[in-house]
Every structure is written in C-alpha cells, then in structure tokens.
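Coordinate analysis (summary)
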Amino acid sequence: MSLIAASRRVSQVGPYRLGALAPVSHAMASPRRWQKRAVATQPAYEGHIPLNWFEAGFLTVGSALMSLANPRRGDMVAALGDLTSGPVLPRLRDVMLESAEGRQILKERPRVNSQTVDMDKLALLPEGTFGNAYVTWLERCGVTPDTREPVHYVDDPELAYVIQRYRECHDFYHCICGLPVNVESELALKFFEFANLGLPMAGFAAAFGHLRLTHAKRERLFREFVPWAIKCGSSAQSLITVYWEKRWEQNVAEMKKEFGIWDPPEPRWSRPLSEAKAAAAKRQKAAEERLREASLS
C-alpha cells in the first residue's frame, strides 16, 4: 500500500465513526459543506493529487523518512519537495515575474526532456557554448533529462509549474557549476540551491544527506564545498529566472560571469573529460551525417 493510500484510509475512519454518532438532522443540514469539500479536491491540472491536511502531513513525514532511508527513491524525494515548498513557491514566482526572462518562462511554460531538447543540434554547437557543454556533461555523467518526477501535490497550477521548472533545470545547475552527480557533489549543489532559491527540500537534503558520507568525504564537503556553495549561491542571480533554452549558443564563461557564479573546488568525476568529449564528438559526427543524408533526400 502506498503512503498516500494509507493516509487516505486512516483519514476516512474518523469521519465515518463520528457520523454514526451524529444526529441525522445534522448530517442532512450540511450538504453544502460536503459539496465544497468535493469541489476543493478536484484535480487542478494533469497529474494533480489533492490532499487534505491529514493526508499531506502523513505523506510529508513518510516521504521524509523514505528519502532518508533511500535517496534513490525519486518519487519520495519529489513528494517531499512538493509538500514542503508551499511557502517558498509564491516568492520564487514573484522573483520570476520581476525578470523579463522569468515572465517569458511563466508565459510559455517550456519543458525539459529528450522530446523538447534537440541533442543532435546541441552537439553541433561549438565547444565553449552552453549547449555543447550540456551535451558533454550528460555524456560524462551518463544521465538523461528524462528522469525528473512530475509534480503531484502542489495545488496551484502556476506554482506547480515553478517547482517543475526547478526540477527539470536541476541538471543545468550541475552543468553551469561544473559538478558531477556523485553524492558529495549533489550535496554541494543542494547547499547552493538552498542559498540561491531557499527551497526547504534542498535544505533538508543538505542537513541530513551528509550522514551517508565517509568521514573524509564529509570533512572535505564542509571544509571546501559548503563555503563555496553558500557564498556563491547567496550572491548569484536567482537561477529560477534563467531561460536556459534561449542560451544554448551563449558562451559558458560569459554566462557564469553574468550570473555571478564561479567554479567550485575540483570535484571527483567518475569519467574523464576526454571520454565525454569523444562521445560528444561521436554524437556530433552522427548528427552531421544525418543532416547530410536529409539534404540529399
């Protein structure tokens, strides 16, 4: 049984028992109250799962425990992010509304996945551009942009998009900061995100995630990465306002200067940069061949 199913089962027990003791006249006198409840729990967007206060509290605690026990449970990590970001999302939306780029993002609501991002086109961009750097980063880390969980538990559709946007742009933050996807680098980025965006989930991961590290890695995290993350994240432009897809051809160094981001301490990569560049070059060659064949047909 899932956490949300369990919470709903428990939340339904109380009302039925109380209803058996209540006068019939009281039950018949409040149809509007039940009607309002039914209306309030209608999904506001595709994938939305409305929760009452008990269900939200139950799922928050359960997803927090599951996230600590197994950080690879992306569904639980995402659920915790949905449920704890409520107070912060209106502020992030306001920050976006203050920026021309941010307003355009909210208006167009772009999505980031392998269907919306043309990887072959990015591979053809010159080295040093953000698009080329992103493809190389994906190759080096062995990841794709299709692993982000959808938002379910944020009631307002626009605020739901704000956290979905953050979630889908997380890899862009990795790329622009030059961080891989191992545990210590992920935690460094969580400290950065908490300082930059103020998301409670990032703070939660930063506060407890380091407990899974060895003593040596934890010591280096707090000695080298955390000071960089807090100082850089708090002084940099709010990255939620960046329309990354409009900047594929921009120079990475210029972008970092514009955003106020500087390089972190040298991280631990599992794959050499030369291998990632070779893979990216192979993708570029294949893309050029497809373009050539298309032009001849």
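Residues numbered from 1 in each chain as written. Predicted model: local features only at pLDDT ≥ 70, side-chain atom pairs only at ≥ 80, totals over all residues. Heavy atoms only, no water.

1. Thoughts on the overall build of the protein chain
Along the backbone of the protein chain there are 15 helices and 0 strands. The burial tally for the protein chain puts 43% of its 297 residues in the buried class. For the protein chain, the share of sequence-separated contacts (at least 6 apart) that also reach a separation of at least 24 residues comes to 74%. (Helix = DSSP H or I, 4+ residues; strand = E, 2+ residues; numbered from the N terminus. Buried < 20%, exposed > 50% of the residue type's maximum accessible area, 1.4 Å probe, protein only. Contact = heavy atoms within 4.5 Å.)

2. Examining the packing of aromatic side chains
Across all of its chains, the model carries 16 aromatic pairs by this definition. Seen in terms of ring centroids, F130 and Y134 are 6.5 Å apart; in terms of plane orientation they differ by 25 degrees. Their pairing is stacked. In this pair, F130 and Y134 both sit in helix α9 (residues 130–141), 4 residues apart, roughly one turn of the helix. No difference in accessibility class separates F130 from Y134, as the two residues are buried. (Phe/Tyr/Trp six-rings, centres within 6.5 Å; stacked < 30°, edge-to-face > 60°.)

3. Some points on a nonpolar patch on the surface
On the surface, a cluster of nonpolar side chains totalling about 270 Å² of accessible area is made up of L68, F208 and L211. Inspection of the secondary structure assignment puts F208 in helix α12 (residues 200–208). (Patch = residues over 30% accessible without salt bridge, like charges linked within 9 Å, V, L, I, M, F, W, Y side chains within 5 Å. Areas by Shrake-Rupley, 256 points an atom, 1.4 Å probe, with all protein chains shown as cover. Salt bridge = Lys/Arg side-chain N within 4 Å of Asp/Glu carboxyl O.)

4. Here we look at the confidence of the model for the protein chain
The predicted model of the protein chain has a mean per-residue pLDDT of 85, with 84% of residues at 70 or higher. By mean pLDDT, helix α2 (residues 24–29) is the weakest element of the protein chain at 38, and helix α14 (residues 252–259) is the strongest at 98. Counting interchain partners and residues more than four positions distant, the pLDDT-below-50 stretch residues 10–39 has 6 contacts. (pLDDT = per-residue confidence, 0-100.)

5. A short note on the side chain of E168
Following the sequence through the fold, E168 ends up in helix α10 (residues 157–177). Given a relative accessible area of 7%, E168 falls into the buried group. A polar contact is formed between the side chain of E168 and the side chain of R111, at a distance of 2.6 Å. Here the side chain of E168 touches V112 through a polar contact of 2.8 Å, landing on its backbone nitrogen. Residues contacting E168, with those up to four places away along its chain left out, are P110, R111, V112 and R148. (Polar contact = N/O pair within 3.5 Å; in protein donor to acceptor, adjacent residues only side chain to side chain.)

6. Quick word on the pattern of salt bridges
Tallied over the entire structure, the rule returns 14 salt bridges. Here E184 and R268 are joined by a salt bridge, their closest N and O atoms 2.7 Å apart. Of this pair, E184 sits in helix α11 (residues 183–197) while R268 sits in the loop between α14 and α15 (273–296), and the two are 84 residues apart along the sequence. Relative accessible area serves as the criterion here: at 10%, E184 is assigned to the buried category. Between E193 and K190 there is a salt bridge, with its nearest N and O atoms 3.5 Å apart. With E193 and K190 both in helix α11 and 3 residues apart, this pair spans about one turn of that helix. Each member of the pair, E193 as well as K190, carries the same accessibility label: buried. If you follow the salt bridges from partner to partner, you end up with E219, R220, R223 and E224 in one network.

7. What about the environment of P50?
Along the chain, P50 turns up in the loop between α3 (31–40) and α4 (53–69). As for P50 and H152, which are separated by 102 residues in sequence, their C-alpha atoms are 8.0 Å apart.

8. Focus on unusual backbone geometry
Positioned with a positive phi, R109 is a non-glycine residue whose angle comes to about 50 degrees. Examined against the element boundaries, R109 turns out to sit in the loop between α7 (100–108) and α8 (119–123). R109 gets classed as partly exposed once you look at its relative accessible area, which sits at 36%.

9. Things to note about helix α6 (residues 89–97)
Within α6, the full set of buried residues consists of L89, L92, R93 and M96. Mapping the buried residues of α6 onto a view down its axis gives an arc of 100 degrees, with all of them on the same face. Elements in contact with the buried residues of α6: α7, α10 and α11. (Arc of directions from axis to C-beta.)

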